[in-house]
Each structure stands twice: as structure tokens, then as C-alpha cells.
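Spelled out, the chains give:
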Amino acid sequence: MAEPSSTATTWHEATPTQQGLWILDRIERLRPTYLLPSVVEFTGPVDHALLVASVQRAIARHPALRSRFRLDARLRRVEYRTDAEPAEAGFIDAAADGWTGEELDDLVEVLCCTPFDLAEEAPTRAEVIRVDDRTTLLVLNVHHIVFDGWSRGLLMDEIAAIYRGKLRGEEIELPPAPHPADVLDPPDREELADRVAEVVERLRGAPIGVALPYDRDPASEELSLLGADSATHLDADLTKQLVDVATTEGATLYMTGVALLAATLARMSGQRDFLFAVVWPGRDDPATADVVGMFMTTLVVRIGLDETTTWRELLRDARIAAMETFVDADVPLDAIAAALDPNRDVSRPPLTPVLVQLNAVPDGFELAPGVPGRYRPLKPQYSKYDLALFVRLDHSSGAERLELSLDRPADLFEGTTLVDLFAGLRRSAADLARFPEEPVLEPTTAVDGIADDPAARLDAVRALWREVLGVEEVADDVSFFEAGGDSLRLVILVERLNQVSEHALRTVDLFRAGTVRAQAELLAGPAKSTASAAGTSRQRLLDAARARRGEARA
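Below or above, wherever it landed, is the structure these notes cover.

Scoring rules and cut-offs
- Residues numbered from 1 in each chain as written.
- Predicted model: local features only at pLDDT ≥ 70, side-chain atom pairs only at ≥ 80, totals over all residues.
- Heavy atoms only, no water.
- Helix = DSSP H or I, 4+ residues; strand = E, 2+ residues; numbered from the N terminus.
- Buried < 20%, exposed > 50% of the residue type's maximum accessible area, 1.4 Å probe, protein only.
- Contact = heavy atoms within 4.5 Å.
- Areas by Shrake-Rupley, 256 points an atom, 1.4 Å probe, with all protein chains shown as cover.
- Lys, Arg positive; Asp, Glu negative; His and termini not counted.
- Charge placed at Lys NZ, Arg CZ, Asp CG, Glu CD.
- Pairing = 2+ DSSP bridges.
- Phe/Tyr/Trp six-rings, centres within 6.5 Å; stacked < 30°, edge-to-face > 60°.
- Lys NZ or Arg CZ within 6 Å of the ring centre and 35° of its normal.

## A short note on the overall build of the protein
Next up, step 1: The helix and strand tally for the protein stands at 16 helices and 15 strands.
Next up, step 2: Projected onto its principal axes, the C-alpha coordinates of the protein cover approximately 110 × 60 × 45 Å.
Next up, step 3: Per-residue burial over the protein gives 49% buried out of 554 residues.
Next up, step 4: Counting contacts in the protein only where the partners sit at least 6 residues apart, residues at least 24 apart contribute 75% of the total.
Next up, step 5: Approximately 26,500 Å² of the protein is accessible, and the part contributed by carbon and sulfur atoms is 52%.
Next up, step 6: For the protein, the distance from the average position of its 59 positive side-chain charges to the average position of its 92 negative side-chain charges is 6 Å.

Right, dumping it as C-alpha cells:
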């Protein structure tokens, strides 16, 4: 298709969220963090030519995916056009071309992490890769400025529908793809100004930022934004207790996560008033339900507590705070941030470095009968926030268990800091579930916090092994020396375990209990002080001396 003449081009005003993303794309180190890549693995027989054609038709249909952006300096606004050429879906036969597994991983990383030129190229990238006779990858990458998680579901469902039609020899009919600009009503400027003022008044006085236990400077330009994530699970009984208490207060899982994180950070620091970010889908209007585009927006929830606040009261406050925030979901965050923090660093998240979010794991789907698809974990991944708590109910074990996941830049926190954060979250969850009428800031569970929780003990020991060995993963039943440890690292591990657990473990104890699982068992039960251990050691020495004395006299 020939490029239309400039006189026929219509430029649409970008939304406030899109304008913010366009500005962030000007900051080189942030550019990869605002991509939305997906790597879908199909297992089974795939007609690759038909799949490429299906992807091509889907991405060419939607105006948002053909966007080009520019800054109109005269009007002082970011604009976009949607009449340019779409991206071209490609095909690589990695099996026939002899790609190694490592080479293929590098290729996927390039496809997922390379930024777009938003002025000159379509903000979409798609590649079908034949790995072998049974495995096919679809790598789809779209810039967040025109795409969100909801859009990904719409687009993938459409690709599958087109592909199944092509397998039957049909070109399925699809309704015209709506233009994002046609379903957005510009807000009344005076009314919007009044609503911004209301939100600013509600948030005024809260600290800008959160007192996190940083091990690195989060504002350093040298800090890598390559992310890492870790998770812990509550057992089924504790999960049920927690959900029951939350349900009685009308608190959702998200609201419960807000309460748990606020309580944990309040216990770890002197801060009592918090702002947490949350991403809102922005699909309240039915007209947007089937539109591929960028409708998500970031909101800020304010939650506070004091020395008298009980767990039940904190849940109620979290519920009210979230509802107030969601009512104002269409108030642009940039306008709020400009009023509350006019001198902010635009390379940092506005108002707060902390996100709390429900963890919406993308479901697998069927490309065609007998060809299931699953989303592969992204490697590498990038973190926009200093700390992001994701909460979800996990049913994979057959029982409902609460999963708490922490995402962050990999270098920002050390392993021991994460151990403390997870232990604090688990302790908060236990207190909320078992002692809802007790004050939040008077922890009721054991000081150790992990002694009576097998999963927490395993989490703690795994994290310390990773720290001491300098590795990303460890196995629970492999010995410390087989995992790469040596005598010096073992001594360091003993010290770290004692610091975290307040036990008095000895090097010989870790020789006898040489695996993660065995060392986690050592942390069960009450902590032993070094003073009592010294007394026990002295008693053993005296007993041995008396025994030798008795033998000599005999």
C-alpha cells in the first residue's frame, strides 16, 4: 500500500498516558521497560505459512498497531497517525538453519528488548519461529504506548480464530477494527480541573516516596533496570483464615495486599502514611471492550495507620482507599503529580516507587485442535518500580494458597533484605488472619517469624544460599559443596543464618545438615541465643574434663 499524501493525513491527539509514555521513550535507559513482549510456545503440528499470514492480517487490521508519533511543538502536544504501513510478520526456520538453543534465546531477547522508533516504524514486531517439528514460537512485541494487557488477549484470540479459519480453507469475516480515538470522549477541561483538585487534596500531606530498605541507590543512573522476581506461598489453612477475615470486611484480594504491604513496611520503618501505585485496565466503557489500544492508567492509593490501628481497621481503610481511587480512575496521574511534586524526576515513577497489583497470569489457549499454546516467562524482564507486590490465589497444588510475589530491579536489594521483606509479609499475613482485633504495630507472632512456618524457612535458606553462592537458583536437596560452596562460604553461610534466625548454629551443624531442606529444619523451634550456646559448650567441656578425671582415678 502506498503511503498517503501528507494532506490526507489525520493526526490524533495522544492521551495524557500516551504523552507520558512518549516522554519516557526519550530516556534511553527506560526505553526497554515500556515494551510489552509476549513469547507464546505452541506444541504440535503448525502450518507456519498460515500462522504468519494470520498474524499479518491481525496486526494490519488494528489502527493502533499502525501508529506513528510526533511532537507538535506549536500546539505543544504529542500526536499520532494511523494511516501508515503495518509491521511485517516474519518467519524463521531455526531448525532448518541450525540455530542452537543459546542462539535462539539471544534472538528472542533481541526481538523482545529492542526499542521502536515511534516516529518512523510501526510499534509492533512479530516473528514466527519453527524450533523443531513439535515446537513453534510466536514472538509478539508491541510498545505500551498503543497496547495493554487487555489488547494482548484480544489480539491473540483473533490470531487463533483467523488461523483456524485458514486451516478450514476459509477467510473468516471480522468486524471493522475500531479506532481508539473514536471511543474516547475528551473530558471537559473545567470539570477535569475540579476533579484533579479533589484528588490532590485527598493525597496532600502523604510522603512522596516510600522508605524501602534499599541496598543500592534507586536514583543512580548506573543501576540496571533488569528485573528479578521472587515469590512465597502461604499454606492453605492460613490462606483460608486470611480470606475469611478479608471477606467479612468486604475487602478484595487486592485490598488485602495493600494492607499487608503497608503493615509490613510500617513495622520495618518509621513511616505510617503510604502511597502505592496500581494499574487500572481503563475498560469501564463497553465501547472500549473490543478495541486494541492503550487504555490502561496508573492510579495512586493512599493508606495510613497509627499505633492504635487494628488489622480489621486497616482492612477497612484499604477498602475505602481503593474505592476512592477507582472512582477517580479517569483523572490523569501526571496532572496529580505536577501539583503534588512539581520538581519530580520524570525518569522515576510519579509520587511512589511501589506498586501493588493483582497478578494476572496469562492463560494458555489453543491455536487449533491439538495445538496448545502457553506463555513463556520473559528473560530478561525489566522493572519500572523499585518494588512491586503481586498477589494472587494459586490453585496449582490442588489447594487454594495465597502467593505473594516481589518484583524489583535485581541489583536494588540484597538477598537478606528480601528474606526480611518476605518474613515480614508472612508475619503480617499470619497476624491479620489470626489476630484481626489486635493492633498492627504490635506483632503477635514469634519474634523469629519463620520458626513455625516450613515454607518461610525454605524461602529464607534458599535466599541465603543464592546470596552466598552468587547464583540465581538452588536445589533443595543438593549439598552445599555440590552446589559450588567451599569451606569459607560455609562459614559465611553459618553467620548469615544466625543473623537472620537469631539461632546459634555452628559450622559442624551445617556439615551434618548439608542441604537447603535440612538447614531449614535446623531453624525450626525457638531461637537459641549465643549466650545459652556458650553455656552449653562450657558444660560439655566440664563434663568431659570430669569424665577424664574419673577415668584417670579409676
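On we go.
## Looking at the pairing of strand S4 (residues 77-81)
Next up, step 1: Within S4, four of the five residues are buried, which leaves it mostly tucked inside the rest of the structure.
Next up, step 2: Pairing geometry for strand S1 (residues 12-13) and S4, over two bridges, is antiparallel. Among the inter-strand pairings, Glu13 is bridged to a residue of S4, identified as Glu79.
Next up, step 3: Bridge count for strand S3 (residues 68-72) against S4 is five bridges, and the pairing is antiparallel. Among the inter-strand pairings, Arg70 is bridged to a residue of S4, identified as Glu79.
Next up, step 4: Here S3 folds back onto S4, and the loop between the two strands holds four residues, one of which, Arg76, carries a positive phi near 55 degrees.

## Section: the packing of aromatic side chains
Next up, step 1: Following the criterion strictly, the structure yields ten aromatic pairs and no others.
Next up, step 2: Ring centres 5.9 Å apart and planes at 85 degrees place the aromatic pair Phe42 and Phe365 in the edge-to-face group. Here the residue Phe42 occupies a position in strand S2 (residues 35-43), and Phe365 occupies one in strand S12 (residues 365-368), the gap between them amounting to 323 residues.
Next up, step 3: Residue classification places Phe42 among the buried residues on the basis of a relative accessible area of 1%.
Next up, step 4: Overall, the relative accessible area of 16% leaves Phe365 in the buried class.
Next up, step 5: Ring geometry for Trp280 versus Phe326: centroids 4.5 Å apart, planes at 25 degrees, classification stacked. In this pair, Trp280 is assigned in strand S9 (residues 273-280) and Phe326 in helix H9 (residues 311-327), connecting sequence segments 46 residues apart.
Next up, step 6: Within the aromatic cluster, the residues linked to one another by ring pairs are Trp465, Phe480, Phe481 and Phe511.
Next up, step 7: Looking at Arg70, its charged tip hangs above the ring of Trp11, at a distance of 3.9 Å from the centre.

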